[in-house]
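# Residue-level structural notes
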Amino acid sequence: MAGAMLNLIMENQTSTNGTASGFEPRIVAFFCNWCTYTAADLAGVSRLKYAANVRVVRVMCSGRVDPQFILDAFAKGADGVLIGGCHPGDCHYIEGNYKLLRRVRLLHRMLRDMGIEDDRFRLEWISAAEGEKVKTVINDMVEKVRKLGPLQLPQRFRDGDKELEGEQLKAEAAHV
Amino acid sequence: MSKPVEEIRIGVYVCHCGTNIAGMVDVKNVADFASRLPGVTVSREYKYMCSDPGQELIRQDIKEHRLNRIVVASCSPLLHEETFRAATAKGGLNPFFFHLVNIREHDSWVHENRQDATAKANALVHAAVERVRSHKALTKKQVPVNPAVLVVGGGIAGIHAALTLANAGKKVYLVEREPTIGGHMAKFDKTFPTLDCAACILTPKMSSVKSHKNITLWSYSEVSRIEGYVGNFEVTVRRQPRYVREDLCVGCMECIDACVFKEAKFPNEFDEGLGKRKPIYVPFPQATPKVAVIDPDRCLNVKTGKCKKSCVASCDRGAIDFTQKPEDRQIKVGAVVVATGFKAFDAKRSPQYGYGVYPNVYTSLEVERLVNASGPTSGEVVLRDGRHPKTVGIIHCVGSREEHTNRWCSRVCCMYSLKLAHLVKEHSGAEVFNFYIDMRTPGKSFEEFYQKLLKEGVHFVRGKVAEVNDWVLDPSEQGKLVIRVEDTLLGTVRRIPVDMVVLGVGLEPHADAQEVRRLFNISCGTEGFFLERHPKLAPVNTFTDGIFLAGCCQGPKDIPDTVAQAGAAAAEALALIDSGHVELEPNTAYIVEEECSGCKSCVPLCPYKAISYVEDKKKAVINEALCKGCGTCVGACPSSSIKQNLFEDEQVFSEIRGVLADV
Amino acid sequence: MSNESEKGYLYFPGCSLKSTGRAYEESLLELFRLLDIPLQELDDWNCCGATSYMGIDEEAAFVLGARNLSIACQTPGRDLMAPCSACYMVLRKTQDYTSKYPQVRREVEAAMKRADLPMPGQVKIRHPLEILYHDVGAERLKNLKKRNWLGGTIACYYGCQAVRPYSDVDDAYNPVKMDELLRAMGVQTIDYCLKTKCCAGVLTGTVPPVGRRVNYILLKEAVRKGAQAVVTICPLCQINLDAYQKEISAESGERFDIPILYLPQVLGWMLGGRKKELAFHRCIAGRRYLNEWLRETKEEEAYV
């Protein structure tokens, strides 16, 4: 009985902390309606199993993904951002995915400069038939981000603000 | 003079989907969670939201609780978004005040931990609740449908679909790549299980196509471009030069006799290379259209320009015209039926069966021509070396049900192998062995046909053939092909020497299926056949509205199933056309004029040329009629002055906020 | 010439190449010398884990294989060449199983720990046929060709282990790379339908009548199709076909005396290698034909 209780407590603990390591990455995904979103539906219909860390936001075309969405997701606490679009040449809107690719190239550089590791931001071409790929990409990304640990931008922003405030106070005190 | 701020009153409905969702997601927890979110007036869970009572629930709540936003957490929007939009509209709300959350395909079906799945559902519902606040009332645009239909592929599927549509009074364009329609079926001798003659049932349909007033038949042609959208496609068809004018040729075939090549020496594709033809030819006597065609790779005049051109002189109608060039025809259609068929498995990819190495190894299609009374041997089963076979081995599942070639069952091979066994035995009196893995006869009168063959004395060996070669172990095997197989019923390995081997090759997608798929903006499944919208409920639809599938391009099937599917595709196309108009998603983009800086970065991004720059205003403007709603310009606009209905920045940002909020 | 062949290869001889298959080792070393490709014998190698080990105690076999791989990984940047098809197969299998099956991996890890060796990384295991075909290439062999082959038509015999199931040497059902190399060098080869069939393996030793029956079938079919020599890439295939021709002749009443050669012997000879270095003297059957084909007086005919 006591053992069972203990198990129950243990279980509760792991559930609030995620896994034993205590960190469950939060990943925001932008999937295009025609290929990757449909592929994720197919993964569901095929009852494939993958990590539950990804939250999908549907867009009509990966070309709709504004760099601001990605920055905003990181700023609001995402540990990773995944974009899924049609394979090159397969875009429902002819070449929206290429246009996204251009932005992604630049954004990768910018994120790197900001100290956000490459593995936190990923672009994948997943066609409507590739349910299996949805699974492997998500699992792989969750593992990689898990290894990197939490990004915690909101917390870091708060710490930075506090530090800045402290410096200002110090400067004011010195001035007085 | 701002409008009074409307109080947001959201109704959230969490669907159990029986146990599909409730089995993995704690739906009660999700509903409770949602009820505590700001703006949520009503939050419920229900067994089946898509059922009538489920939809009624939404309608009533809108009335009773004065709801003005609806969130349903159930399955994929690709499945039921329209259902719930309609339910929302029934309650008197604009249907676009609704948002669907996918907690089945994207959640309960793919996760194994109830707590994680529930947390994810909460996050997704949270996002939707945040999102619907900024939804706006929108209306669907109605566009008239062009009543003409394009049918691509002139096999039995395309023929049947074209005739059905034409009989219903619709204008049909039938485009076929080969010089004649008829497809694979025209090559067959008999059809299983009834053994009725393929030509007798097909050729009348082929001539009806030719003579039908509503059908324009373009053979030796391919679709090279397709633009537009459901109801209003603009198609370019490239007509290859056949160097014979279709309007003048009567199919008398004088030109063929007159050709400078006295002997027919080039393999005739229609006879699988077993028969020969000249550079100018008619593929087979019932070819439709019955118009000669000149093979540019064989004709001396086309290749070198040096030829007597005796064919030209022989034609008293002056039909032969070497000045023909490829010609592009533009047509407008409302719907497209894709019926491009299949390719037979290339038996050389299974080298263990010796095709291409041993001349007496044949593919099933070659044998179809051999047993055909109008084939190259007039139905006499005679081997490439001139002998008549005394023993014949038919190997099933070549290029089917194999890990390293194709994994699928090609569905028709068991039955056509039985048919060929019967025909070969009937034509040659040979002893026939069938080597099968499993005997698959699930169709009307199929099993009975198998039983008939058993009684006819055809031998059946259950086991996958390991190899075919000419390895002689004792003198009696000299000059024979040896089939080595594990007979799984006897439990022993057997060597069976035969004179002729027939490979029951499977069906696979055309080599250029990927290009065709891109052309029509449809998808292929993992095996490369075109992907239907839903395997059960939308088997002839694709993910692109207005494009329908028929026949083996969607997956292997026999003639009755192909014809049934072609009828279904025609019916779907008719339903679309006869509705008179299509409704378009109002997800188009528009420019907020006062915020546009006139930088023009959006203009070249639009693949549909919907954006133009107005010089005098120094602003960009979007033509709503041309916009397809991809949102690429929206994502690229540096001043955020382009907005996309249904996917406004504020809506996406609130979704991001929602999925990342603590749950 | 590929990058790999410039760097050279680590070389895992295995037991056969030091005993019954000495002709394979000697001719292979000579061929690679002629091609100017450095080979470095793996330091302190041990049994690959084949035959009895694999049949009786898989774990022991994997551990043996893994030890070799672990040593190979200590010289990074070079592929590991395993000329004996059994070695090639077992080393590949070891790599495959340790990566796919956690249970096997744990066992191997524990053993490696006891031996104070690191767990092997992903060293690429190569068969000489595939190195000759891909890294060296027919073009380079042709350019270096010094002699024509006067030994008539050849049956290329690949055996079972080099082409499956953990292999990427060639197509499992219809390997052609040996034929293609030899044809490029101007040698005629027959269409040998038994080219991947079992050579009888150890049966020639354990159940001789069965083993010799298998050898007989292989030889008979090669001769029937017009082969004057059989070329192999596996020491076990070679010895099985070579050593028992007298007995087979006596038992079948048909006379077999056909040289069974290693691919490096034939290629080495055509590249101008010497008889002795290419170990032709170690061949058992078909000596008189070999003497005829490799006669120095035939020089004017032989040299390109």
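Residues numbered from 1 in each chain as written. Chains lettered and ligands numbered in written order. Predicted model: local features only at pLDDT ≥ 70, side-chain atom pairs only at ≥ 80, totals over all residues. Heavy atoms only, no water.

Looking only at helices and strands, chain C features 16 helices and seven strands. Over its C-alpha atoms, taken along the principal directions, chain C stretches across nearly 60 × 45 × 30 Å. For chain C, the proportion of its 304 residues judged to be buried stands at 55%. Residue pairs at least 24 apart in sequence account for 77% of intrachain contacts in chain C once pairs closer than 6 positions are excluded. Looking at chain C as shown, the accessible area adds up to about 12900 Å², and 50% of this sits on carbon and sulfur atoms. In chain C, 40 side chains carry a positive charge and 38 a negative one; their mean positions are 3 Å apart. (Helix = DSSP H or I, 4+ residues; strand = E, 2+ residues; numbered from the N terminus. Buried < 20%, exposed > 50% of the residue type's maximum accessible area, 1.4 Å probe, protein only. Contact = heavy atoms within 4.5 Å. Areas by Shrake-Rupley, 256 points an atom, 1.4 Å probe, with all protein chains shown as cover. Lys, Arg positive; Asp, Glu negative; His and termini not counted. Charge placed at Lys NZ, Arg CZ, Asp CG, Glu CD.)

Okay, helix H6 (residues 102-114) of chain C next. Residues and elements named next belong to chain C. Helix length check: H6 (13 residues) gives 18 Å between terminal C-alpha atoms against 18 Å at 1.5 Å per residue, within 8%. Among the residues making up H6, those that are buried are Val 104, Val 108, Ala 111 and Met 112. The buried residues of H6 occupy an angular sector of 100 degrees when the element is viewed end-on, so they sit on one face. When the buried face of H6 is taken as reference, the exposed residues oriented beyond 90 degrees from it are Pro 102, Arg 106, Lys 113 and Arg 114. The secondary structure elements touched by the buried residues of H6 are helix H4 (58-73) and helix H5 (85-100). Following H6 by one or two positions, Asp 116 has its phi on the positive side, about 60 degrees. (Expected span 1.5 Å × (residues − 1). Arc of directions from axis to C-beta.)

Right, let's talk about the sheet that holds strand E26 (residues 492-498) of chain B for a bit. Residue and element names in this part refer to chain B. Strand order in the open sheet made by the three strands is E24-E25-E26, with antiparallel pairing throughout. Edge strands, defined here as strands with exactly one partner in the open sheet, are strand E24 (465-469) and E26. Across the sheet, the mean angle separating the axes of adjacent strands is 20 degrees when strand polarity is ignored. When strand E25 (residues 481-487) meets E26, the two strands line up antiparallel, connected through seven bridges. Following the sheet pairing, Leu 481 is matched in E26 by Val 498. (Pairing = 2+ DSSP bridges. Axes fitted to C-alpha atoms, helices over the stretch in contact; angles between N-to-C directions.)

Turning our eyes to something else, we now look at the interface of chain A and chain B. Many structure descriptions define interface size as the accessible area lost when the parts assemble. Counting residues at the interface gives 51 residues for chain A, matched by 54 residues for chain B. In total, chain A and chain B occlude about 4400 Å² of area from one another, counting both sides; carbon and sulfur atoms represent 57% of this. When the shortest N-O distance is used, the salt bridge between A:Arg64 and B:Asp649 registers 2.7 Å. Broken down by secondary-structure element, the contributors of at least two residues to the side of chain A that touches chain B are strand E1 (27-32), helix H2 (36-45), strand E2 (54-59), helix H3 (67-75) and helix H4 (96-113) of chain A. (Buried area = accessible area lost by both parts, 1.4 Å probe. Salt bridge = Lys/Arg side-chain N within 4 Å of Asp/Glu carboxyl O.)

What follows covers the nonpolar core. Among the nonpolar cores identified, the biggest contains 77 residues, and B:Ile395, B:Phe435, B:Val468, B:Met500, B:Val501 and B:Leu503 are the most heavily contacted of them. Of the residues forming this core, the biggest block, nine residues, is contributed by helix H12 (residues 413-428) of chain B. With residues near it in sequence (within four places) discarded, B:Leu503 still touches B:Ala347, B:Tyr353, B:Tyr355, B:Val361, B:Tyr362, B:Thr363, B:Ser364, B:Ile395, B:Val398 and B:Tyr416. Ranked by size, the runner-up nonpolar core spans 74 residues in total, among them C:Leu28, C:Leu35, C:Tyr97 and C:Met185. (Core = buried A, V, L, I, M, F, W, Y, C linked by side-chain atoms within 4.5 Å.)

Here we take up the sheet that holds strand E4 (residues 98-102) of chain B. Residues and elements named next belong to chain B. One open sheet holds the four strands; their spatial order is E2-E1-E3-E4, and the pairing between them is parallel. A single partner strand is all that each edge strand has here, and the edge strands are strand E2 (40-46) and E4. On average, each strand axis in the sheet is tilted by 15 degrees relative to the strand beside it, whichever way the strands run. By the bridge criterion, five bridges tie strand E3 (residues 69-74) to E4 in an arrangement that is parallel. By the bridge assignment, Ala 73 is partnered in E4 with Val 101.

Turning our eyes to something else, we now look at the state of the cysteines. Evaluation of the coordinates by the stated rule reveals two disulfides over all chains. Two residues share a disulfide in this structure: A:Cys35 and A:Cys86, whose sulfurs sit 2.4 Å from each other. Disulfide A:Cys35-A:Cys86: torsion about the S-S bond near 100 degrees, hence right-handed. Placement of A:Cys35 in the loop between E1 and H2 and of A:Cys86 in the loop between strand E3 (80-85) and H4 is noted, with a sequence separation of 51 residues between them. Taking relative accessible area as the criterion, A:Cys35 reaches 8% and is therefore assigned buried. Two residues share a disulfide in this structure: B:Cys197 and B:Cys200, whose sulfurs sit 2.4 Å from each other. (Disulfide = S-S within 2.5 Å.)

Listed by partner, the interface residues are 13 residues for chain B and 12 residues for chain C. For the pair chain B and chain C, the two sides together bury roughly 1000 Å², of which 58% comes from carbon and sulfur. Looking only at chain B, the three residues that lose the most surface to chain C are B:Pro351, B:Trp471 and B:Leu473, adding up to 40% of its buried area. Taken together, the connections running from chain B to chain C amount to two salt bridges. The tally of links from chain B across to chain C stands at four residue pairs in polar contact (both at pLDDT 80 or more). Among the residues making up the side of chain B that touches chain C, the classes are represented as six nonpolar, four polar and three charged. (Polar contact = N/O pair within 3.5 Å; in protein donor to acceptor, adjacent residues only side chain to side chain. Nonpolar A, V, L, I, M, F, W, Y, C, P; charged D, E, K, R; others polar.)

Now for the packing of aromatic side chains. Following the criterion strictly, the structure yields 23 aromatic pairs over all chains and no others. Pairing B:Tyr173 with B:Trp218 gives two aromatic rings, centres 5.6 Å apart and planes at 35 degrees, and the pair type is tilted. With B:Tyr173 in strand E7 (residues 172-175) and B:Trp218 in strand E10 (residues 215-218), the pair connects residues that are 45 residues apart, well separated along the chain. The same class applies to B:Tyr173 and to B:Trp218, which are both buried. Measuring from centroid to centroid gives 5.5 Å for C:Phe12 and C:Trp45, while their planes differ by 70 degrees, and the two rings are edge-to-face. Of this pair, C:Phe12 sits in the loop between strand E1 (9-11) and helix H2 (22-34) while C:Trp45 sits in the loop between strand E2 (39-41) and helix H3 (52-56), and the two are 33 residues apart along the sequence. Taking relative accessible area as the criterion, C:Trp45 reaches 22% and is therefore assigned partly exposed. Feature note: the residues C:Phe62, C:Tyr97, C:Tyr101 and C:Tyr166 constitute an aromatic cluster, connected by ring pairs. (Phe/Tyr/Trp six-rings, centres within 6.5 Å; stacked < 30°, edge-to-face > 60°.)

Before going further, it helps to examine unusual backbone geometry. Looking along the chain, the bond that leaves B:Thr288 and enters B:Pro289 is cis, with omega of 0 degrees. Among the structural elements, B:Pro289 can be located in the loop between strand E15 (280-281) and strand E16 (293-294). Omega for the peptide link from C:Arg164 to C:Pro165 comes to -5 degrees, which places this bond in the cis form. Looking at where C:Pro165 falls in the secondary structure, it is placed in the loop between strand E5 (154-157) and helix H9 (177-184). The backbone phi angle of B:Tyr220 is positive, close to 55 degrees, even though this residue is not glycine. Classification of B:Tyr220 as buried rests on a relative accessible area of 16%.

This part is about empty space enclosed by the protein. What the rule picks out here adds up to nine cavities of 30 Å³ or more. Taken as a whole, the largest cavity holds about 240 Å³ of empty space. Contributing to the lining of the largest cavity are 19 residues, with A:Tyr37, A:Val56, B:His99, B:Leu100 and B:Glu655 lying nearest its centre. Among the secondary structure elements, those contributing two or more residues to the lining of the largest cavity are E2 of chain A together with helix H3 (77-90), E4, helix H5 (114-132) and helix H17 (649-660) of chain B. Partitioning the lining of the largest cavity into residue classes produces 11 nonpolar, three polar and five charged. (1 Å grid on protein atoms, 1.4 Å probe; cavity = no way out; pocket = protein on both sides within 12 Å on 5 of 7 lines; lining within 4 Å. Points joined across faces, edges and corners; volume = space filled by probe spheres on them.)

Our focus in this paragraph is helix H2 (residues 52-65) of chain B. Residue and element names in this part refer to chain B. Taking 1.5 Å per residue, 14 residues should reach 20 Å; H2 reaches 20 Å between its end C-alpha atoms and fits that length. For H2, the complete set of buried residues consists of Gly 54, Gln 55, Leu 57, Ile 58, Asp 61 and Ile 62. Buried residues in H2, looked at end-on, bunch into an arc of 145 degrees, giving them a common side. What points out from H2, more than 90 degrees from its buried face, is the exposed set Asp 52, Lys 63 and Glu 64. In this fold, the buried residues of H2 make contact with strand E1 (10-15), E2, E3 and H3. Of the residues flanking the end of H2, it is Arg 66, one or two places downstream, whose phi is positive at about 50 degrees.

Residues and elements named next belong to chain C. Scored by pLDDT, chain C comes out at a mean of 92, with 96% of its residues at no less than 70. Model confidence for chain C, summarised as mean pLDDT per element, is weakest for helix H16 (residues 299-302) at 57 and strongest for strand E6 (residues 229-232) at 98. Interface confidence for the predicted complex, given as ipTM, is 0.86, next to a pTM of 0.83. (pLDDT = per-residue confidence, 0-100.)

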